[in-house]
Amino acid sequence: MTKTRLILVGGFLGAGKTTLLAAAAARLAARGRRVGLVANDQAADLVDTELLRSGGARVEEVAGGCFCCRFADLISAMQRLVREAAADVLFCEPVGSCTDLSATVLQPVKQHYAAEFELAPFTVLIDAKQVGLLAQWGRAADRGPGRFSDEVLYIYRKQIEEADAVVVNKIDLLSADERERLLATIREHFPSIPIMTVSALSGEGVDDWIELVTQRQRAGTRIAAVDYDVYAAGEAALGWLNASVALRADRPISWRDYAAELLDAIRGRLRTAGAQVAHLKLYLAADGASIAGNITDDGSPVSIRGDVDSLRQTVSLVINARVHATPEVLRNAVEQGLHESGENRVRAEIKNLRCFFPGRPEPTFRMSRVVSDGQSEQ
């Protein structure tokens, strides 16, 4: 029986995982591969799922916890994609605040499902503009109010530590000199891990990365030593919000401008409260047209892609926010942003809203050794 190629792409919130997977899925589909994708979140109403489906891909969603804690759901989702969509390549995108995936997902797949799935090297994606987080570790006194705590930075570092390959994304935003300094910083902290660079948005380096993850190579070669008390504290420091909203405009409106205004209004409220944005994103859709918008940190510009006809008065909206703040602060910022945006021309009806701190990670499996994947062992 031919095995399905399983490609997990981890990385911190806002690294650009969904953009990379959407670009790679489209390229592989154009080559005749049958691609399935599995998105993951702590709750339903996930922007990533909508974005991936808008590209025409078959997408499954594992909600209610990380892949490690919902391992049976992950396996079921992958098997459905193979059975119902005949997928021969699966992309899986774990929650951006999740780590220890090698021990809790990759090794168990190799141990129990090697007959069905062939693992690709585990990629961890890094936002080129977030590499400075490496230098903040253990230096809380040097960080201003609202910056990430050491427990959150612990997750960021552990994600990289367990990677088979580190891929630096958004490289198009850097000069040649900045690229070299960035790569030198990563090598200083993680000298033994291979590094690649890409721009998921422009396409630079994406084919090279596809070549890496579609060729037979060893996968899950590292297991990080993870302190689950620190890990749980890092997850619990981030407030999560998922919301679905119905919007109605009383007259024609630029929905692109509205999306940008809404994201900026929410960020402004959070900034006033001293909160640090890890990722804030939305998906606005009507009649097959859509707008995707996101902010990946407190200082980055608002990114808006796509459009919806300005004559369309009723649209649906999904908002996801991951913020270093309490759920109460986060909920208030989103609700006030919805109230303030659109110059009183848009009425927002919240259909569903969940705002919470994630619970302590409780993985189904955690394996302490690297399982053989048929290649020579270390």
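Computed from a predicted structure; not experimentally measured. (Residues numbered from 1 in each chain as written. Predicted model: local features only at pLDDT ≥ 70, side-chain atom pairs only at ≥ 80, totals over all residues. Heavy atoms only, no water.)

Draft legend 1. Up close: the overall build of the protein. Check the secondary structure of the protein and you find eleven helices and 14 strands. Taking 21 Å as the expected radius of gyration for a compact globule of 378 residues, we find that the protein reaches 20 Å, a close match to that expectation. The principal-axis extent of the C-alpha atoms belonging to the protein is close to 65 × 50 × 40 Å. Classification of the 378 residues of the protein by burial places 56% in the buried group. Excluding contacts between residues fewer than 6 apart, the proportion of contacts in the protein whose partners are at least 24 apart in sequence is 79%. Accessible area of the protein: about 15100 Å², with a carbon and sulfur share of 46%. Between the centroid of the 44 positive side chains of the protein and the centroid of its 49 negative side chains there is a distance of 2 Å. (Helix = DSSP H or I, 4+ residues; strand = E, 2+ residues; numbered from the N terminus. Rg over C-alpha atoms; globule rule 2.2 N^0.38 Å. Buried < 20%, exposed > 50% of the residue type's maximum accessible area, 1.4 Å probe, protein only. Contact = heavy atoms within 4.5 Å. Areas by Shrake-Rupley, 256 points an atom, 1.4 Å probe, with all protein chains shown as cover. Lys, Arg positive; Asp, Glu negative; His and termini not counted. Charge placed at Lys NZ, Arg CZ, Asp CG, Glu CD.)

Draft legend 2. Representation of the nonpolar core in the model. The biggest cluster of nonpolar side chains holds 61 residues, and the ones touching the most others in it are Leu6, Val38, Met78 and Val105. With residues near it in sequence (within four places) discarded, Met78 still touches Leu6, Val38, Leu90, Cys92 and Phe117. Core analysis: the next-biggest nonpolar cluster, separate from the first, contains 36 residues, Val245, Leu247, Leu282 and Leu284 among them. (Core = buried A, V, L, I, M, F, W, Y, C linked by side-chain atoms within 4.5 Å.)

Draft legend 3. Local environment of the packing of aromatic side chains. Applying the stated criterion to the full structure yields seven aromatic pairs. With 5.6 Å between their ring centres and 80 degrees between their planes, Trp255 and Tyr258 make a pair best called edge-to-face. Here Trp255 pairs with Tyr258, and both are found in helix α10 (residues 255-272), just three residues apart, close to one helical turn. For the pair Trp255 and Tyr258, one class covers both residues: buried. Above the plane of the ring of Phe356 lies Arg354, whose end atom (NZ or CZ) is 4.6 Å from the centre. (Phe/Tyr/Trp six-rings, centres within 6.5 Å; stacked < 30°, edge-to-face > 60°. Lys NZ or Arg CZ within 6 Å of the ring centre and 35° of its normal.)

Draft legend 4. Fine view of the environment of Ala43. Tracing the chain through its elements places Ala43 in the loop between β2 (35-40) and α2 (47-54). Owing to a relative accessible area of 3%, Ala43 belongs among the buried residues under this scheme. Placed 17 residues apart in sequence, Ala43 and Glu60 show a C-alpha to C-alpha distance of 14 Å. Here Ala43 is in contact with Glu61, Ala63, Gly64, Asn242, Arg354 and Phe356, once residues within four sequence places are set aside.

Draft legend 5. Quick peek at helix α9 (residues 228-236). Burial in α9 covers these residues: Tyr228, Tyr231, Ala232, Gly234 and Glu235. Down the axis of α9, the smallest arc covering the buried residues is 160 degrees, so these residues share one side. Against the buried residues of α9 lie α4 (101-112), α6 (150-161) and β9 (239-249). Residue Asp227 occupies the N-cap position of α9, its side-chain oxygen lying 2.9 Å from the main-chain nitrogen of Asp229. (Arc of directions from axis to C-beta. Polar contact = N/O pair within 3.5 Å; in protein donor to acceptor, adjacent residues only side chain to side chain.)

Draft legend 6. Layout of helix α11 (residues 327-340). The terminal C-alpha atoms of α11 lie 20 Å apart, and with 14 residues this matches the ideal 20 Å at 1.5 Å per residue to within 8%. Here the buried face of α11 lies against β9, α10, β13 (314-324) and β14 (346-356). Positive backbone phi, at 90 degrees, marks Gly342, one or two positions downstream of α11. (Expected span 1.5 Å × (residues − 1).)

Draft legend 7. The side chain of Asp41, seen in detail. In this structure, Asp41 sits in the loop between β2 and α2. Asp41 sits in the buried class, given a relative accessible area of 3%. When sequence neighbours within four positions are dropped, the list of residues in contact with Asp41 reads Leu46, Val62, Ala63, Gly64, Gly65, Val95, Trp240, Asn242 and Arg322.

Draft legend 8. Expanded view of a negative patch on the surface. Together, Asp257, Glu261, Asp307 and Asp309 make up a negatively charged patch on the protein surface. With respect to the helices and strands, the residue Glu261 is situated in helix α10. (Patch = residues over 30% accessible without salt bridge, like charges linked within 9 Å, V, L, I, M, F, W, Y side chains within 5 Å. Salt bridge = Lys/Arg side-chain N within 4 Å of Asp/Glu carboxyl O.)

Draft legend 9. Quick look at the sheet that holds strand β10 (residues 276-286). Strand order in the open sheet made by the six strands is β12-β11-β10-β13-β9-β14, with antiparallel pairing throughout. Two strands lie at the open edges of the sheet, namely β12 (303-307) and β14, each paired on one side alone. On average, each strand axis in the sheet is inclined to that of its neighbour by 10 degrees, with strand direction left out of account. (Pairing = 2+ DSSP bridges. Axes fitted to C-alpha atoms, helices over the stretch in contact; angles between N-to-C directions.)

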